[in-house]
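An overview of the molecular structure
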Amino acid sequence: MQNVIAIWSSLDVRRRLIIAGATIAMFLAVLALGRMASQPDMVLLYAGLEPAAAGEVVAALDQRGVAHRVKGDSIFVDAAQRDSLRMALASEGLPAAGGGGYELLDNLSGFGTTSQMFDAAYLRAKEGELARTLLGLPEIRAARVHIASAPARAFQPETQATASVTVTTVSGNLAEAQARAIRHLVASAVAGMTPEAVQIIDTVSGLVGGQDTAGFDSGDAADRAAAIKSNVERLLAARMGPGRSVVEVAVDLVSERESITERTFDPQGRVAISSETEERSESSTEPGGDVTVASNLPDGDAAQGPQGQSQSSETRERVNYEVSETQREVLRGPGATRRLTVAVMVDGVATIAADGTRTWAPRTEEELATLRELVASAVGLDEARGDVLTLKSLEFQDVPIAEGTIAEAGILSAIGPLDVLSMVQTAVLALVALVLGLFVIRPILTSAAARPALAAPSPTLALPAAGGFSGVALDGEVETGFAIPDYPEPARDVSDGTEDPAARLRRMIEQRQTESIEILRGWMEREEERT
């Protein structure tokens, strides 16, 4: 402590101000970096939310006591809590999904807006309005609507618009009646759309109502084969134990759609549907005798002769029959099983003798026949359809298990997750402290500590008497006509009786090192003051 006080007392005012300013700057830098390190790293949680949805999110954060910051329409939270907060808020249905509605059209101006841009914005607005309407239902927690409409082109038939709706209910699955209502709601809101063109998907139960117009799904065969395989393996494990059987199932499904219309006539099964009867009778009288001129007169002889009469009758009946007809229309969709192939391999019976010898024997034909009947019943085998079932008893080979290495925690795992920002802040703090210490405080303290040790002597330095130069004083100034005095020299051999002045100066400096250093220091300080 006394050394510090002595060093501080030996400093002038300028150097004291420099040290005080450097200390204050370093303290403020440490305080600022420490404050930055103590504050949480705020990252974006949600942005672009509607005011109502943003208010619900902020209220939920306040209820949980989570520190957050709101900038415009963006909400920021601590980076360490962002992911957990998103999942927790999503479980509560926050933020409410909806998107923009018809207000999207307000931002469109007449300049620079093409018809394609307007159509796309109109579809987005329509989707947002439909989603808002669905969110108004008490059973719907989240909803998204997608509308697909091909642009109208000349000389091209008009295509029908389609839509898909994804909903998440508050609890349970979406009922069929609600799905039908949503389908009619969306179809009525879009021009030219029919309810059959709207597909509703529940996030829990999948497609709700209607038929899949896409037809056959290639994943149905794999799913059906996996279900059959699981049933057969569970059945065989109850008899032989787990791992004693291997089952492989291949399902060939019908992938085309077929429509059959039949019309059959039965000639034996006729039925009278109408009957019509017509009767007609006629009578006529003919004169008798010869035909003469007199007989043609009214009062002639013809009236006196014999006369002939004729009568006729006719009856007609018309009956209409309808032949028996049977008309049948059959529509076969894809997904029916065309062929089923099942391969089953079961292990035999292994016995261990008293001496430790292991023997293996296949299972008996009676047992294999019983297992075959069980498997055929479990998979729904139909040999008339072409299904094949193969069941064999073979010996299973033991597969050696390679021993692995134990996964142990390393050195970095004990440290925990590395925070890059905290490491950068610590490195900057250390760098600032190092710069202040090396280039500001250390030179000042070093020069101040060296000054008392090399204190300057009196202004004039009197050299002891030497030779004929007794009483000569050195004051550090070089005067004109100054002659270097002769100092005692060691014995040497001088051939010509003279000596080089530079050699004499070098010898004098070697003998008077302290005084020479002080003279040079005085010259340097004067040069510094002049500059």
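Structure's up top.
Every value quoted in this text rests on a predicted model; they were computed, and no experiment measured them. Numbers given for residues are sequential positions, taken from 1 along each chain in its written order. Thresholds applied to this predicted model are a pLDDT of at least 70 for local features of residues and 80 or more for the giving and counting of side-chain atom pairs; totals over whole chains, interfaces and linings are not thresholded and use all residues. Side-chain figures throughout are based on the complete set of non-hydrogen atoms in the structure, without hydrogens or water.

**Observations concerning the sheet that holds strand 8 (residues 245–253)**
The 3 strands lie next to each other as 8-11-14, forming an open sheet whose pairing is mixed. Where the open sheet ends on each side, the last strands, each with one partner, are strand 8 and strand 14 (388–393). For this sheet, the mean inter-axis angle between neighbouring strands, taken without regard to orientation, is 5 degrees. Where strand 11 (residues 337–346) lies against strand 14, 6 bridges are found, and the strand directions are parallel. Between any two strands, pairing holds if DSSP finds at least two bridges. Under the DSSP-based scheme used, a helix requires at least four consecutive residues in state H or I and a strand at least two consecutive residues in state E, with every element numbered from the N terminus. Axes here refer to lines fitted to C-alpha atoms; in helices the fit is confined to the stretch in contact. Angles between the N-to-C directions go from 0 to 180 degrees.

**A few points about the packing of aromatic side chains**
Pairing of aromatic rings covers Phe, Tyr and Trp, the last through its six-membered ring, and needs centres within 6.5 Å; plane angles under 30 degrees mean stacked, over 60 mean edge-to-face, and all others mean tilted. The final tally for this structure, using the stated rule, is 0 aromatic pairs. The ring of F76 carries the charged tip of K71 above its face, separated from the ring centre by 5.7 Å. Comment: the charge-over-ring label is applied if NZ (Lys) or CZ (Arg) is within 6 Å of the ring centre and within 35 degrees of the ring normal.

**Here we look at the nonpolar core**
Joining through side-chain atoms within 4.5 Å is the link that ties buried Ala, Val, Leu, Ile, Met, Phe, Trp, Tyr and Cys residues into a set, and such a set is a nonpolar core. Burial here depends on accessible area, computed with a 1.4 Å probe over protein chains only, as a share of the maximum for the residue type. Under 20% is buried, over 50% is exposed, and the range in between is partly exposed. V165, V186, M193, V198 and I200 are the most contacted members of the largest nonpolar core, which totals 22 residues. Mapped by element, the contributors of at least two residues to this core are helix 5 (115–135), strand 4 (140–148), strand 5 (162–169), helix 6 (176–189) and strand 6 (198–202). When neighbours within four sequence positions are excluded, V198 is seen to be in contact with A163, V165, R183, V186, A187 and M193. Among the nonpolar cores identified, the runner-up in size contains 21 residues, and V232, L340, V375 and A376 belong to it. Residues count as neighbours in contact if any of their non-hydrogen atoms are within 4.5 Å of one another.

**Thoughts on the pairing of strand 11**
Where strand 8 meets strand 11, 9 bridges bridge the pair, whose relative direction is antiparallel. For S245, the partnering residue across the bridge sits in strand 11 and is V346.

**What to know about the pattern of salt bridges**
Salt bridge, as used here: a side-chain nitrogen of Lys or Arg that lies within 4 Å of a carboxyl oxygen of Asp or Glu. Per the counting criterion, the structure on display carries 13 salt bridges. Put simply, E314 and R280 hold a salt bridge, and the shortest N to O gap is 2.4 Å. Residue E314 is located in strand 10 (residues 307–332), and its partner R280 is located in strand 9 (residues 258–287); the two are separated by 34 residues in the primary sequence. Given a relative accessible area of 44%, R280 falls into the partly exposed group. When the shortest N-O distance is used, the salt bridge between R316 and E314 registers 2.7 Å. Taken together, the shared-partner salt bridges in this structure form one network comprising R239, R363 and E367.

**Digging into the packing of helix 5 against helix 6**
Axes are the key here: two packed helices are described by the angle between their axes and the distance separating the axes. Contact geometry for helix 5 and helix 6: axes closest at 11 Å, N-to-C directions at 150 degrees. The angle between the axes of helix 5 and helix 6 places the two elements in the roughly antiparallel class. Where helix 5 crosses over helix 6, the handedness of that crossing is right-handed. Contacts from K126, L130, T133 and L134 in helix 5 reach I182, L185, V186 and A189 in helix 6. Should an angle fall under 35 degrees it is taken as roughly parallel, and over 145 as roughly antiparallel, whereas 65 to 115 is taken as roughly perpendicular and any remaining angle as oblique. In this scheme the handedness of a crossing depends on how the near helix is turned from the far one: anticlockwise by less than a right angle means left-handed, clockwise means right-handed.

**Overview of the packing of helix 3 (residues 51–64) against helix 4 (residues 82–91)**
Viewed as axis vectors pointing N to C, helix 3 and helix 4 meet at an angle of 115 degrees, and their least axial separation amounts to 12 Å. Taken together, the axes of helix 3 and helix 4 are roughly perpendicular relative to one another. Crossing handedness for the pair helix 3 and helix 4: right-handed. Taken together, the residues of helix 4 that come into contact with helix 3 (itself represented by V57, A60, L61 and R64) are L85, A88 and L89. When residues are grouped by polarity, Ala, Val, Leu, Ile, Met, Phe, Trp, Tyr, Cys and Pro land in nonpolar, Asp, Glu, Lys and Arg in charged, and all others, Gly among them, in polar. Classifying every residue of the contact of helix 3 with helix 4 by side-chain character gives 6 nonpolar, no polar and 1 charged.

Purely geometric numbers; function is a separate question.
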